[in-house]
Amino acid sequence: MGNHVLDDVIGWRDGHIIAIDQTALPHQLSIIRLSTVDELVDAIVRLVVRGAPLLGVAGALGVALAVRQAEREGWDASRLDAEVQRIADARPTAVNLRREVLAVAAVIPDGAAAVEAAARAVHDTAVKVSKRLSERGAALLVQECRTGPLKVHTHCNTGALACLGWGTALGVIRALRDQGALAHVIADETRPLLQGSRLTAWELAQLGIEHYLAADGAGPFLIARGQADAVVVGADRVAANGDVANKIGTYSLALAARRAGIPFVVAAPESTIDAQTPSGASIPLELRADEEVTSFQGVRAAPEGTRALNYAFDITPADLVTAIVTEDRVIRP
Ligand code: MRU
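Residues numbered from 1 in each chain as written. Predicted model: local features only at pLDDT ≥ 70, side-chain atom pairs only at ≥ 80, totals over all residues. Heavy atoms only, no water.

Caption draft 1: Spotlight on the domain arrangement of the chain. Domains assigned within the chain are domain 1 (3–126) and domain 2 (135–331). The C-alpha-based centres of domain 1 and domain 2 are spaced at 24 Å. The contact between domain 1 and domain 2 buries some 2,700 Å² in all, and 56% of this surface belongs to carbon and sulfur atoms. Linking domain 1 with domain 2 are one salt bridge. Between Glu286 and Arg91 there is a salt bridge whose closest N-O contact spans 2.9 Å. Summed over the shared surface of domain 1 and domain 2, the result is 16 residue pairs in polar contact (both at pLDDT 80 or more). Going through the elements one at a time, helix H2 (52–73), helix H4 (95–105) and helix H5 (112–145) are the ones with two or more residues in the side of domain 1 that touches domain 2. Of the residues contributing to the side of domain 1 that touches domain 2, the split by class is 19 nonpolar, eight polar and five charged. (Domains from an automatic or database assignment. Buried area = accessible area lost by both parts, 1.4 Å probe. Salt bridge = Lys/Arg side-chain N within 4 Å of Asp/Glu carboxyl O. Polar contact = N/O pair within 3.5 Å; in protein donor to acceptor, adjacent residues only side chain to side chain. Helix = DSSP H or I, 4+ residues; strand = E, 2+ residues; numbered from the N terminus. Nonpolar A, V, L, I, M, F, W, Y, C, P; charged D, E, K, R; others polar.)

As structure tokens, then:
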């Protein structure tokens, strides 16, 4: 693995999926092998493999995995269909997962080789798209801000780990740095599994990009104090009206950005835009286990019996979004 580019976040090797275990970073860079649908669904649910575009690639490869398992274990067509659906349903908010699972599943009648080729194509497209998106996003931010090197606030993890290639919001940040247009990054720690502290800080360090970590609740205040010239985030689903589902904590950054009069930009591939979902109200929001909030690193933090409201994502209404930048266009909701 190169120092600056994560080339093999996820891949297909000898009929199995190989992937970086994102729950082990930054302490360990370990590669896991997934051989069954059960193993893949478990990895998706536990955030071993995560981030909207990467979930799309995992879903695509998952169909190839299911076809191999069907051959090995003699599944009939309806069992294979049910297992493929299980992959699509593993996380409900990130539309890329369902989209790519269904796209690759449509090729099943053409045989295993065709399925594997279709899954590989999803992987290759994700890599290519992220660079175009990053460069377009950097150009947009420079144009929006019209100031010197930018201080950029971001949330969650949106780099190669989440997307392959350059990433979405983190790709935009990388492109800004490459142009000499970046001062530094402020990254939120991000719940539930500290994706910002563990993954974004690690990727930024790999890339040699100056950064500061902020506690999740600190973001709006830091923005109000003029600590950011712009906010850039990714998305798990963009509804047809421009409402954006992204990691819990995104909405408060958008409110703060509006109040401070700085741009709030969403960087996402076209495949994250869901024309079938009219608005944020109909985006399914993943509600995760209470223990992720009531415990810390496996040790109970809240009194026994405490319940949690552990939404993985929130919805930012379109009117708070300055622009959505994709590999093809800039959308101003
Ligand atoms: O729960 P996660 O870690 O999968 O959430 C990821 C995010 O919210 C990202 O911001 C999003 O997927 C957009 S870019 C990868």
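Caption draft 2: Structural context of the nonpolar core. Membership of the largest hydrophobic core comes to 49 residues, with the highest contact counts inside it found for Ile10, Ile17, Leu40, Val49 and Ile87. Of all the secondary structure elements, the ones that give two or more residues to this core are strand E1 (10–13), strand E2 (16–20), helix H1 (37–45), H2, helix H3 (77–88), H4, H5 and helix H8 (195–207). Broken down by element, this core gets its largest block of residues, 13 residues, from H2. Taken domain by domain, this core gets at least three of its residues from each of domain 1 (3–126) and domain 2 (135–331). When sequence neighbours within four positions are dropped, the list of residues in contact with Val49 reads Ile10, Ala19, Gln22, Ala43, Ile44, Leu54, Leu55 and Ala58. Grouped together as the second largest cluster of nonpolar side chains are 26 residues, Leu150, Leu170, Leu207 and Ala230 included. (Core = buried A, V, L, I, M, F, W, Y, C linked by side-chain atoms within 4.5 Å. Buried < 20%, exposed > 50% of the residue type's maximum accessible area, 1.4 Å probe, protein only. Contact = heavy atoms within 4.5 Å.)

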